Amino acid sequence: LHYPKRVLVEAEHLSAFYGEKEVFSDVRFSIQQGDRVAVCGKNGCGKSTLLEIASGLMKPISGRVTVDGEDVHSMEGKKRAKLISVLSQQKSPGVLTVRALVYHGRFPYLGYPRRYTDEDRQIVEEAMQTAGVSEFADESLSELSGGQQQKAYIAMLIAQNTKIVYMDEPVTFLDINYQLELMNLIKRMQKSGKTVIMIIHDLNLAMTYSDRIMAMKDGRLISMGTPKEI
């Protein structure tokens, strides 16, 4: 697919603190619609905090993030959840089945009480099929391998059907076969029209599976460009 070259996400002069410690300062970037962006850098350089702020889950000390020109932190929660989905590192699968988890992706589209429509059910089934988790849809997440669990969470993001997807280390600690499978799944998500921003530690994967790379060091965005430029 060919996307118009327009800015979808823009960050201006972002600064963040944990307590009295500065996490990063004066971070600025823009991301175009349809891009796959890898955020790289050593542990503690501010990558996860940047993702939390950019997705609207955490407020910056200063600066702002806009999506299509609208401040992400001023959006009503449901509207933001229809626009932005997030795969964080912190998950607790509990006793949910894969299918029940994937249905969570439809919550932003439901009223109260939650009643799923035939369209919701079809979207969930298609999301599980796309992510390759249909065969264990009724199994408990806690019984699955790390790679299978991650595919289930990505199925939930697919069901949420947002323009923008943020992922915090989606393939860390997984076997190489799952890493490649998930990176190719993320590539297919982009080809379906999504803009994907992901934290990746493996520089080979970042270089291979991204259009642009954001390189962070010591709380600063030191470079942003294509893999070749970086």
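Right above here is the structure, for reference.
What counts as what
- Residues numbered from 1 in each chain as written.
- Predicted model: local features only at pLDDT ≥ 70, side-chain atom pairs only at ≥ 80, totals over all residues.
- Heavy atoms only, no water.
- Pairing = 2+ DSSP bridges.
- Helix = DSSP H or I, 4+ residues; strand = E, 2+ residues; numbered from the N terminus.
- Axes fitted to C-alpha atoms, helices over the stretch in contact; angles between N-to-C directions.
- Phe/Tyr/Trp six-rings, centres within 6.5 Å; stacked < 30°, edge-to-face > 60°.
- Buried < 20%, exposed > 50% of the residue type's maximum accessible area, 1.4 Å probe, protein only.
- Lys NZ or Arg CZ within 6 Å of the ring centre and 35° of its normal.
- Expected span 1.5 Å × (residues − 1).
- Arc of directions from axis to C-beta.
- Contact = heavy atoms within 4.5 Å.

Novice: Got a sec to walk through the pairing of strand β10 (residues 220–225)? Specific residues and values, please.
Specialist: For strand β9 (residues 212–217) and β10, the ladder comprises five bridges, and the chain directions are antiparallel. The partner of methionine 216 across the bridge, within β10, is leucine 221. Linking two consecutive strands that pair antiparallel, namely β9 and β10, is a turn of two residues; a positive phi of about 50° is found at aspartate 218 within it.

Novice: Tell me about the sheet that holds β10, and name the residues and values.
Specialist: The strand order across the open sheet formed by six strands is β6-β7-β8-β3-β9-β10, and the pairing between neighbours is mixed. In the strand order of this sheet, the two ends are held by β6 (84–87) and β10, each with one partner. Ignoring strand direction, the axes of neighbouring strands in this sheet form an average angle of 15°. Inspection of the sheet shows β6 paired to strand β7 (residues 164–168) by four bridges, in the parallel sense. In the sheet register, leucine 87 faces β7, and the bridge partner there is methionine 167.

Novice: Residue-level account of the packing of aromatic side chains, with values.
Specialist: Scanning the entire structure with this criterion turns up one aromatic pair. With centroids separated by 4.4 Å and ring planes inclined at 50°, the aromatic side chains of tyrosine 103 and tyrosine 116 adopt a geometry described as tilted. Of this pair, tyrosine 103 sits in helix α3 (residues 98–103) while tyrosine 116 sits in the loop between α3 and α4 (118–131), placing them 13 residues apart in sequence. A residue is classified by how much of its surface remains accessible, and tyrosine 116, at 27% relative accessible area, is partly exposed. Cation over ring: arginine 106 sits above tyrosine 109, and NZ or CZ is 4.2 Å from the ring centre.

Novice: Quick one: what's the story with unusual backbone geometry, residue by residue and with numbers?
Specialist: Residue aspartate 26 is not a glycine yet carries a positive backbone phi of 50°. As for its placement among the helices and strands, aspartate 26 is situated in strand β2 (residues 21–32). Not every positive phi belongs to a glycine, and phenylalanine 173 is a case in point at roughly 75°. Relative to the elements of secondary structure, phenylalanine 173 occurs in the loop between β7 and α6 (176–191). On the accessibility criterion, phenylalanine 173 (82% relative accessible area) is exposed.

Novice: Now, about the pairing of strand β4 (residues 62–67): what can you tell me, with residues and values included?
Specialist: As defined by bridge partners, strand β1 (residues 7–18) adjoins β4 across five bridges and the pair is classed as antiparallel. When the bridges of β4 are listed, glutamate 10 appears paired with threonine 66. Across two bridges, the pairing between β4 and strand β5 (residues 70–71) is antiparallel. The partner of valine 67 across the bridge, within β5, is glutamate 70.

Novice: Tell me about α6, and name the residues and values.
Specialist: Every α-helical turn comprises 3.6 residues, leaving residues that sit three or four positions apart pointing alike. The terminal C-alpha atoms of α6, which comprises 16 residues, lie 23 Å apart, in line with the 22 Å expected from a rise of 1.5 Å per residue. Buried residues of α6: Tyr178, Gln179, Leu182, Met183, Leu185, Ile186, Met189 and Gln190, and no others. In a view along the axis of α6, the buried residues occupy a sector of 160°, so they form one face of it. For α6, the elements touching its buried residues are β3 (36–40), α4, α5 (146–160), β7, β8 (195–199) and α7 (203–208). Glycine 193, located one to two residues past α6, shows a positive phi value of around 115°.

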